[in-house]
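Each chain is listed here by its residues.
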Amino acid sequence: MRIQFWGTRGSIAKPGPTTTRYGGNTSCVEIRSDSGTLIVVDCGTGGHSLGHQLMSQRKRNLPVNGHMLISHTHWDHIQGIPFFAPMFVQENTWNIYGPKGLSQNLRTTLAGQMDHSYFPIALDQFASTNHYHDLVEGAFSIDDIQITSRYLNHPALTLGYRFEVDGASVAYCCDHEPHSAAFASGELRITGVDRRYAEFVEGADLVIHDAQYTALEYAAKVGWGHSTAEYAVRVCRDAGVKRLLLTHHDPLRDDAAIDRIVSGIRERLRDDKVDLKVDAAAEGMAVELRGTPAVSAPNPKVQFQARTAISAASMARPVLLYTIDKSMTETLALAIRGESMPMVNARDQADLLKLSAEEQFSVVIIEHSPPARDGLELALALRASEAEGRVQVPIVLVTSGDHAASQANNIATDWLVAPFSLSYARTKIRAWALRSASRWIRADLPKDEASRVSVLRELGILDTGPEEPFDRVTRIAATAFNAPISLVSLVDTDRQWFKSNFGLSTSETSRDSAFCAHVVQKNDELVVSDTLQDDRFADNPLVQGQPHVRFYAGAPLTLRDGSCIGTLCLFDTRPREFTHEDMQMLRDLRDLVLDEIERKRV
Ligand SMILES: [Zn+2]
Ligand SMILES: [Zn+2]
């Protein structure tokens with residue numbers, strides 16, 4: 001993987017004699033996998049030179065296609081887009097990804113900066129074919145690159161990205177502020193919410209990190225949404241990162257000052273005998289990462305699908321608020337209304353527990369102001385009272401004491417430390433709600449997808465009428481397992497189609513929502529005892545809507561040549577256990593289906 005910097009400045013472009021070495025253009029990084037997948041991370045003013053370089057180096061008559069990942073839509077991360085040369089050429093195709101907001105999508109936000117008051121060409125007038133993708137926190141892949149996204153701590157909805165390809169990993173974290181100011185000096189070992197942030201970059205070969213301020217400057221910059229260089233170093237130290245490149249340099253920082261920061265950090269790391277390589281990112285700098293393919297695995301801590309469509313229903317869930325401080329309550333209420341979300345106030349502790357037991361909230365916000373109110377204890381009680389099978393609601397503790405946010409515990413999903421601005425509260429509420437709204441993972445395509453599909457098509461079985469040998473098996477399965485639904489499901493390119501269907505009123509569903517697509521992806525059996533307890537399926541449309549699947553068991557239909565074309569599966573509307581003996585029987589029934597298919601094949 002090759003990484004090249006085209007813009008390293010934060011906030012505003014700062015060309016001039018004092019910034020010649022580290023550069024004056026705002027954020028833009030080019031990432032290329034060995035196989036040629038091109039990702040542009042942020043497109044600040046640095047994107048202008050990158051665009052021209054891409055066009056000048058293009059091979060004769062070949063389109064210049066790529067993917068652009070935007071961390072957030074503050075100016076210094078998007079101002080290069082209207083000047084990005086490849087988007088002025090018709091045969092080019094660009095996919096643009098960025099954090100999804102509640103009130104407006106990425107495309108509308110990007111169109112805003114190209115409104116005629118600001119720019120002569122509208123977003124619609126780009127000659128290239130552009131696709132816009134709204135992202136939430138989670139995982140997805142672009143060609144050969146595995147990507148995980150994570151919400152950062154910034155006064156706009158902002159995603160950090162981690163890329164895994166060619167056996168190496170790189171994380172891009174701009175713009176981000178420590179959750180607890182206690183860590184800004186870099187002296188303390190990272191704990192609490194910041195520890196969870198550190199897990200995002202754990203073990204990375206390279207971290208590109210916001211380092212706009214120094215620890216000394218930070219006291220006057222709390223709440224501005226940026227890191228100190230010392231914090232970036234501490235996070236990377238504690239997370240076992242191999243190399244750190246500081247970026248998003250403050251516009252007032254000249255080259256000599258950046259040199260001093262870096263040499264101070266290196267000296268400290270030498271004294272502490274820490275093996276972490278630290279440099280400041282500079283415009284034009286290129287880094288080659290060589291890894292071992294075995295190490296390249298997606299971040300296991302991330303289970304969500306980042307490109308999940310957020311259902312309107314899950315965003316309409318109200319926020320449950322339990323606060324005493326008057327100004328805090330007012331700000332939060334304004335923020336929740338600003339995000340167009342309904343809100344419910346709990347009167348007292350008993351009311352809080354009762355309400356949360358009755359209804360699924362998008363997020364619960366509880367004030368923590370000991371000794372008058374112990375939010376931690378309340379959160380614990382709320383967790384304990386959560387109904388079995390219910391999706392865990394994010395619990396956020398608001399406090400005016402910073403000490404709390406640095407305490408390690410896993411009860412609170414997040415902390416909000418007062419004083420906070422209205423826009424900051426809105427951003428956080430939006431992020432929590434989106435986070436809780438995306439418990440659904442689509443299955444990736446299996447490696448043999450192309451050959452698998454062609455084998456399936458050659459069978460000539462898709463869209464044929466019902467046949468007794470198949471229907472007999474689903475009938476027996478449903479009866480033997482006392483399950484309302486049993487299917488012979490064939491997984492086609494973008495749908496699953498049911499050759500035999502016991503108990504379901506539809507003949508096919510989309511592949512995105514298909515449980516069986518997960519069986520096909522792994523070519524392995526799958527049992528989901530309780531869908532609502534499973535982050536891969538809790539928000540699946542077949543779980544949240546008809547037929548309200550709570551239990552799934554599927555055995556792969558793997559032909560003799562190894563192609564997995566579908567499943568014999570069971571659905572139930574109740575959670576249930578599935579024993580080894582049960583699975584053995586499902587396998588036997590599955591073999592009857594396979595025999596029938598193979599028999600027809602010859
Ligand atoms: Zn920025
Ligand atoms: Zn920003």
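In the block above lies the structure referred to throughout.
A brief report on the enclosed structure follows. (Residues numbered from 1 in each chain as written. Chains lettered and ligands numbered in written order. Predicted model: local features only at pLDDT ≥ 70, side-chain atom pairs only at ≥ 80, totals over all residues. Heavy atoms only, no water.)

**Examining empty space enclosed by the protein**
The tally for this structure, following the rule as stated, stands at 2 cavities of 30 Å³ or more. A211, A229, L246, H249, D250, R253, I258, I261, V262 and A280 together form the lining of the largest cavity. When residues in the lining of the largest cavity are grouped by element, the largest group, 3 residues, is from helix α7 (residues 255-271). Across the lining of the largest cavity, the residue classes break down as 7 nonpolar, 1 polar and 2 charged. (1 Å grid on protein atoms, 1.4 Å probe; cavity = no way out; pocket = protein on both sides within 12 Å on 5 of 7 lines; lining within 4 Å. Points joined across faces, edges and corners; volume = space filled by probe spheres on them. Helix = DSSP H or I, 4+ residues; strand = E, 2+ residues; numbered from the N terminus. Nonpolar A, V, L, I, M, F, W, Y, C, P; charged D, E, K, R; others polar.)

**Focus on the pairing of strand β21 (residues 495-502)**
The side chains of a regular strand alternate between both faces of the sheet. With respect to burial, β21 is a largely interior element, 6 of its 8 residues being buried. In this structure, strand β20 (residues 485-491) lies alongside β21, joined through 6 bridges in antiparallel fashion. Within β21, the position partnered with V491 by the bridge is Q496. Counting the residues in the hairpin turn of β20 and β21 gives 3 residues. As paired strands, β21 and strand β22 (residues 508-510) are joined by 3 bridges and run antiparallel to one another. Its bridge partner being in β22, Q496 is matched across the sheet by T509. Following β21, the chain reverses through 5 residues before pairing antiparallel with β22; G503 in that reversal takes a positive phi of roughly 95°. (Buried < 20%, exposed > 50% of the residue type's maximum accessible area, 1.4 Å probe, protein only. Pairing = 2+ DSSP bridges.)

**Looking at the nonpolar core**
Ranked by size, the top nonpolar core spans 66 residues in total, and within it I3 and F163 carry the most contacts. Looking at this core, the element that brings in the most residues is helix α6 (residues 229-238), giving 6 residues. Dropping the residues within four chain positions of it, F163 is found in contact with M1, I31, I39, V41, L69, I145, Q146, I147, A168, S169, V170 and Y172. Listed in part, the 27 residues of the second largest apolar core include V455, L456, A483 and I565. (Core = buried A, V, L, I, M, F, W, Y, C linked by side-chain atoms within 4.5 Å. Contact = heavy atoms within 4.5 Å.)

**Re helix α9 (residues 326-338)**
Residues separated by three or four positions in an α-helix point in the same direction, a consequence of the helix having 3.6 residues per turn. For α9, which comprises 13 residues, the first-to-last C-alpha distance of 18 Å matches the rise-based estimate of 18 Å (1.5 Å per residue) to within 8%. Every buried residue belonging to α9 is among M328, T331, L332, A333, A335 and I336, and all of these are buried. (Expected span 1.5 Å × (residues − 1).)

**Quick look at the coordination of the zinc ion (ligand 1)**
Protein-derived coordination of the zinc ion (ligand 1) comes from D76 (OD), H77 (NE2), D175 (OD) and H248 (NE2), at a distance range of 2.1 Å. One can describe the donor arrangement at the zinc ion (ligand 1) as irregular, given that its 4 donor atoms subtend angles of 86 to 165° at the metal. In terms of primary sequence, the donors binding the zinc ion (ligand 1) are separated according to D-H-x97-D-x72-H. Between the zinc ion (ligand 1) and the zinc ion (ligand 2) the interatomic distance amounts to 3.5 Å, and D175 serves as a bridging ligand to the pair. One end of the pair, D76, is in helix α2 (residues 75-78); the other, H248, is in the loop between β12 (243-247) and α7, with 172 residues separating them in the sequence. The same class applies to D76 as to H248, namely buried. (Donors = N, O, S within 2.8 Å, 3.2 Å for Na, K, Ca; no water. Tetrahedral: all angles 85-135°; square planar, octahedral: opposite > 155°, others 65-115°.)

**Looking at the packing of helix α15 (residues 468-480) against helix α18 (residues 580-601)**
α18 packs onto α15 with a crossing angle of 175° between their chain directions and a minimal axis gap of 10 Å. The orientation of α15 relative to α18 falls into the category roughly antiparallel. The residues of α18 that touch α15, namely those facing P469, F470, V473, I476, A477 and A480, are M585, L589, L592, V593, E596, I597 and K600. Counted by class, the contact of α15 with α18 contains 11 nonpolar, no polar and 2 charged residues. (Axes fitted to C-alpha atoms, helices over the stretch in contact; angles between N-to-C directions. Parallel < 35°, antiparallel > 145°, perpendicular 65-115°, else oblique.)

**So, the environment of L123**
By the secondary structure assignment, L123 is in the loop between α3 (106-112) and β6 (129-135). The class of L123 is buried, set by a relative accessible area of 5%. For L123 and G240, which are 117 residues apart along the polypeptide, the C-alpha to C-alpha distance reads 42 Å. The residues contacting L123, other than those within four sequence positions of it, are R107, L110, A111, M114 and Y132.

**Notes on the packing of helix α10 (residues 349-358) against helix α11 (residues 375-385)**
The contact between α10 and α11 brings their axes to 10 Å, and the two run at 35°. Classified by chirality, the crossing of α11 by α10 is right-handed. Across the interface between the two elements, Q349, L352, L353 and S356 of α10 pack against L378, A381, L382 and S385 of α11. Split by residue class, the contact of α10 with α11 holds 5 nonpolar, 3 polar and no charged. (Left-handed = near helix turned anticlockwise from the far one by under 90°.)

**Thoughts on the coordination of the zinc ion (ligand 2)**
The expected angle between donors at a tetrahedral four-coordinate metal is 109.5 degrees. At an octahedral six-coordinate metal it is 90 or 180 degrees. Protein-derived ligands of the zinc ion (ligand 2) are H72 (NE2), H74 (ND1), H154 (NE2) and D175 (OD), with the metal-ligand distances lying across 2.1 to 2.5 Å. Note that the zinc ion (ligand 2) binds 4 donor atoms; their angles at the metal cover 92 to 171°, and the shape is irregular. Sequence spacing of the donor residues for the zinc ion (ligand 2), all on one chain, is H-x1-H-x79-H-x20-D. In this structure H74 comes out as partly exposed when scored by relative accessible area, which is 31%.

**Points about the sheet that holds strand β19 (residues 414-417)**
Taken in spatial order, the 5 strands of this open sheet run β16-β15-β17-β18-β19, and their pairing is parallel. The open sheet terminates on both sides in strands that have one partner only, identified here as β16 (343-345) and β19. Across this sheet, the average inter-strand angle for adjacent strands is 20°, counted without regard to direction. Relative to strand β18 (residues 395-399), strand β17 (residues 363-367) runs parallel, the two sharing 4 bridges. Its bridge partner lying in β18, I365 is registered against V396.

The analysis is restricted to geometry; functional conclusions fall outside its scope.
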